[in-house]
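Here is what each chain is made of, one letter per residue.
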Amino acid sequence: ILHSKKGSKDHPTFHYAIRVAVEGGNPYDSTYLQERAKKDGLATEVYPWIYPPPALLGFSWTLPFSVSITQTMSWILNQICVAGILLVLWRWIRAPVILLGVVLALYSPLQHNFQVGQINPMIALLATWGFWRSSGVGIAAAAWIKMSPVILLLPWILRQQWRSVGIAMGSSVV
């Protein structure tokens, strides 16, 4: 959808948080993240790591690569996630694919995600799939990356869909 030639602002945080953790440091120490990035010659600011600890595992794939390579790979992964969201929504609500594509293309928060290199398309895919399939696993996986998807359990709680809630809670413990 959009790709910044300058590189993303948020991706270096993901990239360096896992490195700091593997090296025995604290990924929540933004000074250490910045120092680690400078050691690699990164000139831009690295934002603080604000995600739950399990999210680090999701970025372990970045370890063998440089930040510039992982930024491009992350952008491609986000594109695949948007295609996945499109597919899930099409299968779920049976809206015309062209309509869904136009809505996603014009949705400015999605465009912003690509500009700054956020992981939200992955979270949205997991949550959308979770709702479509009434699967607590999808919501739990989204919450492993960011805590905010936990609020998505509320509709299931209100409808007393305890099986989905229980699976989400159990999956988040694992």
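For every chain, the first residue of the written sequence is number 1, and numbering continues from 1 along that sequence. In keeping with the predicted nature of the model, local features appear solely for residues at pLDDT of at least 70, side-chain atom pairs appear and are counted solely at 80 or more, and the whole-chain, interface and lining totals rest on all residues. Calculated side-chain values reflect all of the structure's heavy atoms, with hydrogen atoms and water omitted.

## Overview of the pattern of salt bridges
We define a salt bridge as a contact between a side-chain nitrogen of Lys or Arg and a carboxyl oxygen of Asp or Glu at a distance within 4 Å. For the coordinates displayed, the defined rule picks out two salt bridges. Between Glu 23 and Arg 36 there is a salt bridge, and its shortest N-O distance comes to 2.7 Å. Highlighted residues: Glu 23 in the loop between helix H1 (11–22) and helix H2 (30–39) and Arg 36 in helix H2, separated in sequence by 13 residues. A residue is classified by how much of its surface remains accessible, and Glu 23, at 40% relative accessible area, is partly exposed. When a residue's accessible area, from a 1.4 Å probe over protein chains only, is under 20% of the maximum for its type it is buried; when over 50% it is exposed; and in between it is partly exposed. In this structure Arg 36 comes out as buried when scored by relative accessible area, which is 12%. Among the ionic pairs, Asp 40 bridges to Arg 36, the shortest N-O distance being 2.9 Å. Judged by its relative accessible area of 43%, Asp 40 is partly exposed. What emerges from the salt-bridge pattern is a single network uniting Glu 23, Arg 36 and Asp 40. Secondary structure follows DSSP: runs of H or I at least 4 residues long count as helices, runs of E at least 2 residues long count as strands, and numbering of each begins at the N terminus.

## Considerations on a nonpolar patch on the surface
A contiguous nonpolar patch, built from Ile 98, Leu 99, Val 102, Val 103 and Leu 106 and spanning about 510 Å² of accessible area, is present on the exposed surface. Take Val 103: it is sitting in helix H5 (residues 97–106). For patches, a residue must show more than 30% relative accessible area and have no salt bridge; joins then use 9 Å for like charges and 5 Å for nonpolar side chains, namely Val, Leu, Ile, Met, Phe, Trp and Tyr. Note on areas: Shrake-Rupley, 1.4 Å probe, and residue coverage restricted to the protein chains presented here.

## Section: the nonpolar core
Of all hydrophobic cores here, the largest spans 26 residues; its most connected members are Tyr 16, Leu 33 and Trp 49. Breaking this core down by element, the ones donating at least two residues are H1, H2, helix H3 (55–58), helix H7 (120–132), helix H8 (136–145) and helix H10 (162–173). No other element matches the five residues that H1 contributes to this core. Two residues form a contact once any of their heavy atoms are found within 4.5 Å. Those residues in contact with Trp 49, other than ones at most four positions away along the chain, are Thr 13, Phe 14, Ala 17, Pro 27, Tyr 28, Leu 33, Ala 55, Leu 56 and Phe 59. In these notes, a set of buried Ala, Val, Leu, Ile, Met, Phe, Trp, Tyr and Cys residues joined through side-chain atoms within 4.5 Å is what counts as a nonpolar core. Counting eight residues, the second largest nonpolar core, distinct from the first, contains Cys 81, Val 82, Ile 85 and Val 88.

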